[in-house]
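Below, each chain spelled out in residue letters.
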Amino acid sequence: MIVDSSRNAAPVVLEFCDLQRRLVERFLDEVRPNDLERFSDIERTGKLSVGAQRWSYIRHGAGVSFEIPGMIVDAHVGVALFPDAVDGWRLLQYLESIGVTTLSFDGEHVATDDEKSLERLLERMEQAGILEAVYLEPSRRLFCPSKKT
């Protein structure tokens, strides 16, 4: 049973970005793939330790997914360039895995089961200077923690 499923967006998103960065850095350091976009030259599954936790990873067509019981971090394509970047879909998956159903930011509440709403939330966090947009290609935008914070 989820007792508190609503959280303040800024710390949750920044915690996600930091966790993903630590996972990706450990993954790249331990696995050492040559194909830094899709990791096609490595085993499809494996394990790695980050802190005291032992994570499983699965390489898939659009990046790599890390998992422990009760938490999923599905890192995007381009993770080697932007290890701490997030988009609405990746955030949705993470929030679902940890049982967060609502995020609040600047007086607004956002249901976390809608990718487009989460994208708008990330855009508002960019406008507030918490995040900054980065681009893998002209049509593929991600958000990273602002270097100003």
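Note that this is a predicted model, so its numbers are computed, not measured.

Colleague: Sorry if this is basic, but what is going on with the environment of asparagine 8 here?
Modeller: Position of asparagine 8 among the secondary structure elements: in strand β1 (residues 6-8). Along the sequence, asparagine 8 and phenylalanine 143 sit 135 residues apart, while their C-alpha atoms lie 18 Å from each other. Look past the residues within four positions of asparagine 8 in its chain and what remains in contact with it is Leu103 and Ser104.

Colleague: Explain the packing of aromatic side chains here, please?
Modeller: Aromatic rings in a pair are described by how distant their centres are and how their planes are angled relative to each other. Evaluated as defined, the whole model comprises four aromatic pairs. Ring centres of phenylalanine 16 and tyrosine 94 lie 4.9 Å apart, and the angle between their planes is 55°; on these two criteria the pair is classed as tilted. Taken together, the residues phenylalanine 16 in helix α1 (residues 9-31) and tyrosine 94 in helix α2 (residues 88-98) connect sequence positions 78 residues apart. An identical accessibility class is assigned to phenylalanine 16 and tyrosine 94; each is buried. Where phenylalanine 27 meets tyrosine 57, the ring centres are 5.0 Å apart and the plane angle is 80°; that geometry is what we call edge-to-face. Residue phenylalanine 27 is found in helix α1, and its partner tyrosine 57 is found in strand β3 (residues 53-60); the two are separated by 30 residues along the sequence. Classification of phenylalanine 27 by relative accessible area gives buried; the value is 0%. Taken together, the ring pairs in this structure connect Phe27, Phe39, Tyr57 and Phe66 into an aromatic cluster.

Colleague: What's the story with the sheet that holds strand β5 (residues 71-75) in this structure? I'm lost.
Modeller: Strand pairing within a sheet occurs via backbone hydrogen bonds; the two strands may be parallel or antiparallel. As summarised here, the arrangement of the four strands in space is β2-β3-β4-β5, forming an open sheet in which the pairing is antiparallel. Strands with a single pairing partner mark the edges of an open sheet, and in this sheet they are β2 (45-50) and β5. Averaged over neighbouring strand pairs, the angle between their axes works out to 25° when direction is ignored. Sheet analysis places β3 next to strand β4 (residues 63-68), joined by five bridges and oriented antiparallel. Considered in β4, the bridge of serine 56 is made with glutamate 67.

Colleague: Can you help me understand the sheet that holds β1 in this one?
Modeller: If you walk across this open sheet you meet the three strands as β1-β6-β7, and the pairing is mixed. What marks the edges here is a single partner per strand, and that holds for β1 and β7 (108-111). Adjacent strand axes in the sheet meet at a mean angle of 30° when their direction is disregarded. Pairing geometry for strand β6 (residues 102-105) and β7, over four bridges, is antiparallel. Within the sheet, the bridge partner assigned to threonine 102 lies in β7 and is alanine 111. Packing of helix α3 (residues 115-127) onto the sheet brings it into contact with β6 and β7, and relative to β7 it is tilted by some 145°.

Colleague: In this structure, what is going on with the pairing of β3? I would like to understand it.
Modeller: Side chains on a regular strand alternate between the two faces of the sheet. Where β2 and β3 come together, six bridges link them in antiparallel fashion. Looking at β3, one finds that valine 50 is bridged to glutamine 53. Where β3 hands over to β4, the hairpin turn is made up of two residues, counted between the paired strands.

About the cut-offs
Residues numbered from 1 in each chain as written. Predicted model: local features only at pLDDT ≥ 70, side-chain atom pairs only at ≥ 80, totals over all residues. Heavy atoms only, no water. Helix = DSSP H or I, 4+ residues; strand = E, 2+ residues; numbered from the N terminus. Contact = heavy atoms within 4.5 Å. Phe/Tyr/Trp six-rings, centres within 6.5 Å; stacked < 30°, edge-to-face > 60°. Buried < 20%, exposed > 50% of the residue type's maximum accessible area, 1.4 Å probe, protein only. Pairing = 2+ DSSP bridges. Axes fitted to C-alpha atoms, helices over the stretch in contact; angles between N-to-C directions.

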